[in-house]
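In case you want the letters, here they are:
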Amino acid sequence: MEGSDFVVYGLFLIVVLVIVGGAIAFIGDRLGSRVGKKKLTIFGLRPRHTSILVTILTGISITTMTLAVMATVSENVRTALFGMEQLRHNMGEMENRLAYASQELEKAKGEQAKTDETLLKTRSDLEQLMDQRRELEQRADELQRGNDALEAAKAELMTENSSLTLLNQDLEEDNAKLAGTNRQLEERNDSLTAGIQIMREGDIAFRAGEVLSSGVVQCGRTQEETMKDLRALTDIARENIAARLGDKASEQEKQIWVLESDYEYASKVISESKVDMVVRVASIGNLVRGEDVRTVLQLYRNKRVFNDGELIATKAVHINVNKENELNEAMTGFLRNINLLATQRGVLADPISGNVGTVEGEEIYDAIDALRTARGNATIYAYAKGTCDVLGPLRIKLKIIASGVVGAF
């Protein structure tokens, strides 16, 4: 009910009580007067006492009727009269519920505060994640641009590599031409070396450029692995020195000096190379007995120069077999041409002798006999006896063809 309804209800209740109270008072007054006038007695009492008793009973009746009317008209009055304990009990329960609800409300408020705090933190984390996402997207864009730039650089490097390949081919051709010039320079160097040997005092143990050891070192490995192979070649050179000098070798002569920078440079070049490298341990200059053995590491790109059975050279000869010197000169000249050709093809020659290969003496004698049999009119064929790479040596197999007869050795 609203406030105005309570006011109307209260006024109505007051009016009813006033009317009922007045009616009951009127009835009691009339009844008391009548009892007094008639001098009635109740329960053997005097009329005066009876009148007092009637008045008391009337008051009781007024109160009873008032309570009855109020109880009849108002449910709240009935509750106040008959349900106060229940009302108090209900009010206690309601207060307990209210207190519990208040506690739950406080807890809910605390949880709500925590939830709000978590929500704020979550929003902050979300904003940070969004910032990180934007940064990652920017970095991804930068990486993509960098990748595009690398692809472009790769294309340029491929083009440059093609140009370098062509240039390398030209350089190899120039190297072949320089090999012939190198032969001449070596001959001059031999003459100069002989003069220097005369000028220097003492016995020459090793000549300038003499190879003390050599081998093929595998490419594409770590510098540490390559360094081990280089030092192993140095150990082999030390063993070769000891074998040549024998018991006369001093402890100083058994020590080989190689600059550490040479080791580092050679190991770096070989590790980064795409092909295996031939490594020579060569003396730097003429070394007199008793001196330290100073050496240098020489690097060459390795490759297959001749395959097994490959034809190396041919030469048609027309010589007088009765002249032994013509036979020897013809064979010696043919072998010298093979040596020059192999050098031009890339086989490393011995710095001292200038030779790149070996031919068994018996095979040369048999070839000369075959030339005699052919009466000096024949063609000499030289074939590779086994495969040969840059390191060498080149082993040769000779064939003599004359008058439809083939002599092979």
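Up top you'll find the structure we're talking about.
Everything numeric here is computed off the predicted structure, so don't read it as measured data. (Residues numbered from 1 in each chain as written. Predicted model: local features only at pLDDT ≥ 70, side-chain atom pairs only at ≥ 80, totals over all residues. Heavy atoms only, no water.)

**Some remarks on a nonpolar patch on the surface**
Selection criterion: For patch building, the residue pool is restricted to those with more than 30% relative accessible area and no salt bridge; the joining distance is 9 Å between like charges and 5 Å between nonpolar side chains (Val, Leu, Ile, Met, Phe, Trp, Tyr). For accessible areas, the Shrake-Rupley method is used with a probe of radius 1.4 Å. Any residue's cover is judged against the shown protein chains and nothing else. Only one rule defines a salt bridge in this text: a Lys or Arg side-chain nitrogen within 4 Å of an Asp or Glu carboxyl oxygen. Working definition: helices are DSSP H or I runs of at least four residues, strands are E runs of at least two. Numbering for both runs from the N terminus.
Taken together, Ile52, Ile56, Leu57 and Ile60 make up a surface patch of nonpolar side chains, about 350 Å² in accessible area. One can find Ile60 in helix 2 (residues 47-73).

**Describing the nonpolar core**
For the record, the criterion: Buried Ala, Val, Leu, Ile, Met, Phe, Trp, Tyr and Cys residues that are joined via side-chain atoms within 4.5 Å together make up what is termed a nonpolar core. Burial here depends on accessible area, computed with a 1.4 Å probe over protein chains only, as a share of the maximum for the residue type. Under 20% is buried, over 50% is exposed, and the range in between is partly exposed. The contact criterion used throughout is that any non-hydrogen atoms of two residues lie within 4.5 Å.
Ranked by internal contacts, the top residues of the largest apolar core, which has 35 residues, are Phe306, Met331, Ile338, Leu371, Ile380, Leu394 and Leu398. Of all the secondary structure elements, the ones that give two or more residues to this core are strand 7 (304-306), strand 8 (311-318), helix 7 (324-345), helix 8 (361-373), strand 10 (377-384) and strand 12 (394-402). Sorting elements by how many residues they give to this core places helix 7 first, with seven residues. Not counting the four nearest positions on each side in its chain, Met331 is found in contact with Ile364, Ala367, Ile368, Leu371, Ile380 and Leu398. Formed by 18 residues, the second largest nonpolar core is a distinct cluster that contains Ala237, Ile241, Ile256 and Ala266.

**As for helix 5 (residues 223-245)**
Operational definition: Any helix carries an expected span of 1.5 Å times its number of residues minus one.
If you check helix 5, its first and last C-alpha atoms are 33 Å apart, about what 23 residues at 1.5 Å a residue would give, namely 33 Å. All of the buried residues along helix 5 are Thr226, Met227, Leu230, Leu233, Thr234, Ala237, Ile241 and Leu245.

**A word on the side chain of Ser213**
For clarity, the cut-off: Whenever a nitrogen or oxygen atom comes within 3.5 Å of another N or O atom, the pair is scored as a polar contact, on the condition that within protein one atom can donate a hydrogen and the other can accept it, and that pairs from neighbouring residues in sequence are kept only if both atoms are in side chains.
Looking at where Ser213 falls in the secondary structure, it is placed in strand 2 (residues 211-217). The exposure class of Ser213 is buried, given its relative accessible area of 4%. Separated by 2.8 Å, the side chain of Ser213 and the backbone oxygen of Leu233 make a polar contact. If we skip the residues at most four places from it in the chain, Ser213 touches Leu233, Ile236, Ala237, Asn240, Val279, Arg280 and Val281.

**Description of the packing of helix 5 against helix 6 (residues 260-272)**
Operational definition: Convention adopted: a line fitted to C-alpha atoms gives each axis, helices being fitted over their contacting stretch, and angles between N-to-C directions are expressed from 0 to 180 degrees. Any angle between 65 and 115 degrees counts as roughly perpendicular, while under 35 counts as roughly parallel, over 145 as roughly antiparallel, and the rest as oblique. Helix crossings fall into two classes, left-handed where the near helix is turned counterclockwise from the far one by less than a right angle and right-handed where it is turned clockwise. Lys, Arg, Asp and Glu make up the charged group, whereas Ala, Val, Leu, Ile, Met, Phe, Trp, Tyr, Cys and Pro make up the nonpolar group; the residues left over, Gly among them, are polar.
At a closest axis distance of 9 Å, the pairing of helix 5 and helix 6 adopts a crossing angle of 125 degrees. Classified by the interaxial angle, the pair formed by helix 5 and helix 6 is oblique. Considering the relative orientation of helix 5 and helix 6, their crossing is right-handed. Mapping the contact onto sequence places Gln223, Thr226, Met227, Leu230, Arg231 and Thr234 in helix 5 and Glu260, Tyr263, Glu264, Ala266, Ser267, Lys268, Ile270 and Ser271 in helix 6. Looking at the contact of helix 5 with helix 6, its residues break down into five nonpolar, five polar and four charged.

**Comments concerning the pairing of strand 4 (residues 277-283)**
Each regular strand displays side chains that alternate between the two surfaces of the sheet. Just so we agree on the cut-off: A pair of strands is considered paired only if DSSP assigns at least 2 bridges between the two.
Counted residue by residue, strand 4 has seven buried out of seven residues, so it is predominantly covered. Alternating positions in strand 4 separate into two faces, Met277, Val279, Val281 and Ser283 on one and Val278, Arg280 and Ala282 on the other, with burial throughout. As paired strands, strand 2 and strand 4 are joined by six bridges and run antiparallel to one another. From the neighbouring strand, Ser213 faces strand 4, where its bridge partner is Val281. In the sheet, strand 4 pairs with strand 6 (residues 293-301) via seven bridges, with the strands oriented antiparallel. Within strand 6, the position partnered with Arg280 by the bridge is Gln298.

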